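Structure at a glance
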Amino acid sequence: MRFIETWTSATLQAVRDLTPTIREFLLRPDHFTGAPYPIGSHIDVGVTIDGQPQTRSYSMVGEVDPQGYRIAVRRAPDSRGGSRYMWSLAPGARLNITQPASLVQLDWTRRQFCLIAGGVGITPIVGAAQALARRDARVVLHYAVRTRSDAAYLDMLEGLLGERLIVHAGDEGRRLDLERVFGGLPQDTMTLFCGPMRMLDAARRAWEASGRAMTDLRYETFGSSGLLPTEAFRVRLRGEGTEFVIPHDRSMLEVLNDAGHEVMSDCRRGECGVCALDVVGVDGEIDHRDVFFSEHQKRESRKICACVSRARGTITVDTLHRADVL
Ligand code: FES
């Protein structure tokens, strides 16, 4: 396991609305050291949804800040309740959070970097832009939004990158053409992407079509971004006749673990694959929301990441671990 969760108490110091739907939260852990954390780091935050304790993962915004940890949360109507909870908080609120951790590794020896952000996917990209600008690396940031008013951190990024920031605002007719962007990059470019799942799929296809090594495209997406609406679905356990309803605001991982099935997990962001379960039947459709499996594996749907992926209808899985029989 790559993440060792160390939970600590923190105080919400301040909130700031960055756009009508994106709010920044400044959290200060009780024993804050101000130690630097790697690019692409995130923290888990303990939230309460319908009276139940749950966990949500948020990217750190920017490099280390002496005031505390910054995260930004989009108020998502399609969310499982985490954003609603976060937006209900006022300064002074107490929270439990984990230490920052990252699965993203950049090859700092590269001469050229390309950053791609879609909407609130800008959050992990801000720190990468700061680090690369500080190292005087050759970097360009393509930031795709519906309108400029949806673009968080725009002034700061303009000050940091100048003309190396290219905003693709849909309402200005400047949609991001990934094939064109990737086609024009020097061959040894390393790209870091964060955006919704549909955009990630397009980025992977365009990257592959440009003939580059897939390992040179590093990416993150959000657990809440799928191709299907976030709705309840059913999970049947192979050989047990047991069936669970996964409500719209809970993950399959949470429901199965609460029922004693001990499904292992690590990142709980769809990145590590530790929570993958064998799929033995699909009566409906799986909505793969992880970034661990390849497109080919997702089309085959022989496995599912229980932490983020969802479904429409009923799926049958093999958890391998059986609940204790009392
Ligand atoms: S726990 Fe890492 S992908 Fe699910």
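Naming follows an unreviewed UniProt entry, where the chain appears as Vanillate demethylase subunit B of Bradyrhizobium macuxiense.

**Some words on the side chain of serine 309**
Assignment of secondary structure puts serine 309 in the loop between β15 (303-305) and β16 (310-318). Polar contacts involving the side chain of serine 309 include one to the main-chain amide nitrogen of arginine 289, which spans 2.9 Å. Beyond its immediate sequence surroundings of up to four residues, serine 309 is in contact with Phe233, Asp287, His288, Arg289, Asp290 and Ile304.

**Topic: the pairing of strand β1 (residues 7-17)**
Inspection of the sheet shows β1 paired to strand β6 (residues 94-98) by 5 bridges, in the antiparallel sense. Bridge pairing in β6 places threonine 11 opposite arginine 94. Both β1 and strand β2 (residues 22-29) contribute to a ladder of 7 bridges, which runs antiparallel. Pairing of leucine 12 across the sheet is with leucine 27, part of β2. The hairpin turn running from β1 into β2, its antiparallel successor, is 4 residues long.

**Focus: the sheet that holds strand β7 (residues 112-118)**
Judged by pairing direction, the sheet is parallel, and its 5 strands sit side by side in the order β9-β8-β7-β10-β11 without closing on themselves. Because the sheet does not close on itself, it has two edges, and the strands there are β9 (165-169) and β11 (217-220). Direction aside, the axes of adjacent strands within the sheet are offset by 15° on average. In this sheet, strand β8 (residues 138-145) lies alongside β7 in parallel orientation, the contact comprising 7 bridges. Among the inter-strand pairings, cysteine 114 is bridged to a residue of β8, identified as valine 140.

**Quick word on the side chain of arginine 23**
Inspection of the secondary structure puts arginine 23 in strand β2. Reaching out from arginine 23, the side chain makes a polar contact with the side chain of aspartate 17 at a distance of 2.6 Å. Excluding residues within four positions of it along the chain, arginine 23 makes contact with Val15, Arg16, Asp17, Leu18, Ile71, Ala72, Val73 and Trp87.

**Quick word on the packing of aromatic side chains**
Applying the stated rule across the entire model yields 5 aromatic pairs. Where tyrosine 37 meets tyrosine 69, the ring centres are 6.2 Å apart and the plane angle is 80°; that geometry is what we call edge-to-face. Of the two residues, tyrosine 37 sits in the loop between β2 and β3 (42-49) while tyrosine 69 sits in strand β5 (residues 69-74), which places them 32 residues apart along the sequence. Here tyrosine 37 falls in the buried class, since its relative accessible area comes to 15%. Relative accessible area serves as the criterion here: at 8%, tyrosine 69 is assigned to the buried category. Each member of the aromatic cluster is reached from another via a ring pair, and the members are Phe32, Tyr37 and Tyr69.

**Quick notes on the nonpolar core**
By size, the foremost hydrophobic cluster in this structure holds 37 residues, and its most contacted members are Leu115, Ile122, Leu141, Tyr143 and Tyr153. Residue assignment for this core shows that the elements contributing at least two residues are β7, α2 (122-134), β8, α3 (154-161), β9 and β10 (190-194). Per-element tally for this core: the top contributor is α2, with 8 residues. Residues lining this core come from more than one domain, with at least three contributed by each of domain 1 (7-98) and domain 2 (112-220).

**Overview of the packing of α2 against α3**
Each packed pair of helices is defined by two parameters, the angle between the axes and the distance between the axes. It is the contact of α2 with α3, at a shortest axis distance of 10 Å, that shows an interaxial angle of 25°. Looking at the two axes, α2 sits roughly parallel to α3. Every pair of crossing elements has a handedness; the one defined by α2 and α3 is left-handed. Residues Ile122, Val126, Ala129, Gln130 and Ala133 of α2 touch α3, and the partners they reach there are Met156, Leu157, Leu160 and Leu161.

**Observations regarding the sheet that holds strand β12 (residues 233-237)**
Either a parallel or an antiparallel arrangement is found when strands of a sheet pair, and the pairing is made through backbone hydrogen bonds. Here we have 5 strands laid out as an open sheet, ordered β13-β12-β16-β14-β15, and mixed in their pairing. The outermost strands of the open sheet, each flanked by one partner alone, are β13 (243-246) and β15. This sheet shows a mean twist of 40° between the axes of neighbouring strands, independent of strand direction.

Thresholds applied
Residues numbered from 1 in each chain as written. Predicted model: local features only at pLDDT ≥ 70, side-chain atom pairs only at ≥ 80, totals over all residues. Heavy atoms only, no water. Helix = DSSP H or I, 4+ residues; strand = E, 2+ residues; numbered from the N terminus. Polar contact = N/O pair within 3.5 Å; in protein donor to acceptor, adjacent residues only side chain to side chain. Contact = heavy atoms within 4.5 Å. Pairing = 2+ DSSP bridges. Axes fitted to C-alpha atoms, helices over the stretch in contact; angles between N-to-C directions. Phe/Tyr/Trp six-rings, centres within 6.5 Å; stacked < 30°, edge-to-face > 60°. Buried < 20%, exposed > 50% of the residue type's maximum accessible area, 1.4 Å probe, protein only. Core = buried A, V, L, I, M, F, W, Y, C linked by side-chain atoms within 4.5 Å. Domains from an automatic or database assignment. Parallel < 35°, antiparallel > 145°, perpendicular 65-115°, else oblique. Left-handed = near helix turned anticlockwise from the far one by under 90°.

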